[in-house]
Amino acid sequence: MNALLVAVFTPAVGLLLLGLVPGLTLAGWLNVGLSSLSLAGAVTLAWQVLADGPLNANGFHVDAFNVYLVALTAFVGFTTSVFSRPYMRHVCDSRHLPRRHMRLYHAMFQGFMFTMMLALTTDNLGILWVSVEGATLATVLLVSLYRTPEAVEAAWKYFILCGVGLAQALFGTILVYFAAQLALTDPTRGLSWTVLYAISDKLDPTVMSIAFVFLLVGYGTKVGLVPLHSWLPDAHSEGPTPMSAVLSGLLLNVALYALVRLKMLTDGALLGTAAPHTAGHLLMAFGLVSFLVAGLFLHRQRDVKRMFSYSSIEHMGLMTFAFGIGGPLATFGALLHMLVHSLTKSAIFVTVGHAAHIAGTQTIDHIRGLIRTQPAVGWGLTVGVLAIAGFPPFGVFTSEFLLLTATMESWPWLTVTLLAGLVIAFAGLFRHLHPMVFGVAPEGQQPVPANMAPVTVHLLLVLWLGLAIPGFLAGWLDQATHLITGSGLL
Amino acid sequence: MTHLTLLDQAVFVLAAVVLFTCFALLTQARLVATLRTFAWQGGLVAAVTALMAAAHREPHLYVTAALTLVLKAGVIPWMLHRWVRRLGLDRHVESLASPPAVTLAGVGLVIFCYWVVLPIERMELTATRNVIAVSLAVVVLGLLMMVTRRQAVSQVVGFMAMENGLFLAAVTATSGMPLVVELGVAFDILVAAVLFGVFFLQIRDAIDSLDVDRLNRLAEGMEQE
């Protein structure tokens, strides 16, 4: 329990503390320190949950499914804070940002981490909604941090679209609570996920299926499912790069996590009806459309961060599709994919941040010859893109292979569509990547001080996961699979 | 229709009036009057909450009612009004594109909402279920308002009207969410209202107007340089 409190509430303390610290250097280091403290808490928590089984107390619920996301979130938060310290210093100097903007940045970085941790660990569906909405509120001012017209537009769009989307999710949550009141003797506990899951077969199927549609639209907006995705590329491309890394690597996962939890409830309620897989089918449809559309959009991007945010939509679509299929194999693959996608994508965004500094722009056409100018950044980007495109020794290959196998088992004809989508996305990424890293560098392009340690660590982890998933992690993911689908894979 | 107590009937009537204010919001071109209507809507939602508390003897709903009254009929309209004065928009009249068509679309959406909740209503558990349809309609009409308006302040009013619909749903369908959740939601809305104010300034600095249609630099398929 103490580890849980440390993991969740350290960022909350950080939010208050960093709002008061005026010095940029001190704030940067404090940000790293607080993130590492939260990471220590998360790792201890993961250890305890693995050893002693699920933890359920004081309105928190931590089981194998969310504890691995807690550890992942704290880890990516920590490495991003390491990257953001020198990076934001550089940004602050080169863009002449006022110091109070940097104070806002550091406070809100911690605020965002707090909402993520709270959303993952809470047992209460209402608090889950409050914290996902809180994540929007924490990040929206960061998207407009640079105050350019584009940044303000992106932030406004992000605010309005996610606000409206999440309003639908709240309506869905209210309907779930309504269904719980009809089934429970003590209705005040009707928002507790564990209570609801235990009686999910008694929840009214009509109410639950209507509720799930609203929840899908709501949290789906946050996941970035097409056609609700239009805020995502804007917010990613205009905000500061560390923000893009955590938005892509963490926020999308948490929204998908919420959807999967709610799908588990809906599946339970619909079990005895004529259409028990409605929720899964909806997820499959939305996921597949997102996967294909985002893959096509990759081709026509001119902004490098925009391009990688479309790649995030593509991968979130793939995971949503896999959770929709259900079954142990697909679920295991989707959980692994969540893990490797977060690690790879945040590494890519960090590298892209450096690349944009080297070239002085985010426009793909003007980023040239990275390998010539700064080999570490150039190769980092190349390896990152190889990994995210699903090339063999990396973990993304493993998870995509599992997902394809699962599709082959249950929906054979969709395998072709998936393969085509993967090829389209691959082509889209590489046609832009090739000139960026190998092209002729413009005259006078200089290397920048870059901290590639977070990127190296992330990519090595992804490589490790591709070569051999360590036994404890496989067992861990298998426990989560068991929880979601009722039967393990291993 | 089953027999309803007087208080339940009053809840119905007030919920219908909330829906009516939504239509008023849809076609109101003057910004200050829009804010006033919005404040009335918040007051009505608070009144519905208080009535539900009385009808079903749920004392914790009185807290919710007070919270709604302070937030939705007091603080948020007041904050928005202050922003409007500060930005010199007191006499701003928005040019609405075809109010009759918008009203008709609104009517269509209300019917659609009733259709969506039809399977729920067939269960006939308590008569207040009818209000789920009304609250959903309030949510959807708020959405319609956001779609049809170009002015940032009226879009925010549409957003807040949606939240009113959600409060209405929570109160009438489930006799209130647990207090901790309601406080969390109220806190989020309050923070959102503050942030909206910050954005009004940022948008005005960026494009020298609050017409968000002019925020169009990032549209997909346009030349991005």
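Because the structure is a prediction, the values reported are computed rather than measured.

The rules we used
- Residues numbered from 1 in each chain as written.
- Chains lettered and ligands numbered in written order.
- Predicted model: local features only at pLDDT ≥ 70, side-chain atom pairs only at ≥ 80, totals over all residues.
- Heavy atoms only, no water.
- Helix = DSSP H or I, 4+ residues; strand = E, 2+ residues; numbered from the N terminus.
- Rg over C-alpha atoms; globule rule 2.2 N^0.38 Å.
- Buried < 20%, exposed > 50% of the residue type's maximum accessible area, 1.4 Å probe, protein only.
- Contact = heavy atoms within 4.5 Å.
- Areas by Shrake-Rupley, 256 points an atom, 1.4 Å probe, with all protein chains shown as cover.
- Lys, Arg positive; Asp, Glu negative; His and termini not counted.
- Charge placed at Lys NZ, Arg CZ, Asp CG, Glu CD.
- Disulfide = S-S within 2.5 Å.
- Salt bridge = Lys/Arg side-chain N within 4 Å of Asp/Glu carboxyl O.
- Buried area = accessible area lost by both parts, 1.4 Å probe.
- Polar contact = N/O pair within 3.5 Å; in protein donor to acceptor, adjacent residues only side chain to side chain.
- Nonpolar A, V, L, I, M, F, W, Y, C, P; charged D, E, K, R; others polar.
- Phe/Tyr/Trp six-rings, centres within 6.5 Å; stacked < 30°, edge-to-face > 60°.
- Lys NZ or Arg CZ within 6 Å of the ring centre and 35° of its normal.
- Patch = residues over 30% accessible without salt bridge, like charges linked within 9 Å, V, L, I, M, F, W, Y side chains within 5 Å.
- Core = buried A, V, L, I, M, F, W, Y, C linked by side-chain atoms within 4.5 Å.
- Domains from an automatic or database assignment.

A. Quick peek at the overall build of chain A. If you tally the helices and strands in chain A, you get 19 helices and 2 strands. The C-alpha radius of gyration computed for chain A amounts to 21 Å, which stays within 12% of the reference 23 Å derived for 490 residues, consistent with globular compactness. Residues counted as buried form 65% of the 490 residues belonging to chain A. When contacts within chain A are restricted to residue pairs at least 6 apart in sequence, those whose partners lie at least 24 apart make up 80%. Summed over all atoms, the accessible surface of chain A reaches about 15,500 Å², with 69% contributed by carbon and sulfur. Charge-centre separation for chain A: the mean point of 21 positive side chains lies 11 Å from the mean point of 20 negative side chains.

B. Here's a closer look at the state of the cysteines. Residue and element names in this part refer to chain B. In the structure shown here, the tally under the stated rule is 0 disulfides over all chains. Cysteine Cys22 is unpaired, with the sulfur of Cys113 as its nearest cysteine sulfur at 10 Å. A relative accessible area of 3% means that Cys22 is categorised as buried.

C. The pattern of salt bridges, seen in detail. Residue and element names in this part refer to chain A. This model, assessed by the stated rule, comprises 5 salt bridges over all chains. The partner of Arg261 in a salt bridge is Asp63, with the nearest N and O atoms 3.0 Å apart. Pair noted here: Arg261 is in helix 10 (residues 241-270) and Asp63 is in the loop between strand 2 (60-62) and helix 3 (64-95), with a separation of 198 residues, a long-range link. In terms of burial, Arg261 and Asp63 fall into one category: buried. The network of salt bridges with shared partners includes Lys157, Asp234 and Arg306.

D. Examining the interface of chain A and chain B more closely. Taken together, the contact pairs 49 residues of chain A with 52 residues of chain B. Here chain A and chain B share an interface that buries about 4,500 Å² over both sides, 74% of which is from carbon and sulfur atoms. Our enumeration of links across chain A and chain B arrives at 1 residue pair in polar contact (both at pLDDT 80 or more). Looking at the side of chain A that touches chain B, the elements with two or more residues in it are helix 5 (125-143), helix 6 (149-183), helix 8 (205-223), helix 9 (231-238) and helix 12 (304-325) of chain A. Taken together, the residues of the side of chain A that touches chain B break down into 28 nonpolar, 10 polar and 11 charged.

E. Broad picture of the packing of aromatic side chains. The full count for this structure, using the stated rule, is 24 aromatic pairs over all chains. A network of ring pairs unites the aromatic residues Trp156(A), Phe159(A), Trp83(B), Phe159(B), Phe196(B), Phe199(B) and Phe200(B) as a single cluster. When the ring centre of Trp29(A) is taken as origin, the NZ or CZ atom of Arg85(A), which lies over that ring, is 3.9 Å away. Between the NZ or CZ atom of Lys72(B) and the centre of the ring of Phe167(B), over which it lies, the distance is 4.5 Å.

F. A look at a nonpolar patch on the surface. Where nonpolar side chains cluster on the molecular surface, the patch consists of Val13(B), Val17(B) and Phe20(B) and spans about 290 Å² of accessible area. With relative accessibility at 31%, the residue Val17(B) sits in the partly exposed group.

G. Highlighting the nonpolar core. Core analysis: the largest hydrophobic core is formed by 266 residues, its most contacted members being Phe112(A), Trp156(A), Tyr219(A), Phe308(A), Leu381(A), Phe196(B) and Phe200(B). Of the residues forming this core, the biggest block, 21 residues, is contributed by helix 6 of chain A. Residues lining this core come from more than one domain, with at least three contributed by each of domain 1 (1-123) and domain 2 (288-490) of chain A. With residues near it in sequence (within four places) discarded, Phe308(A) still touches Lys345(A), Ile348(A), Phe349(A), Val352(A), Leu381(A), Val385(A) and Leu429(A).

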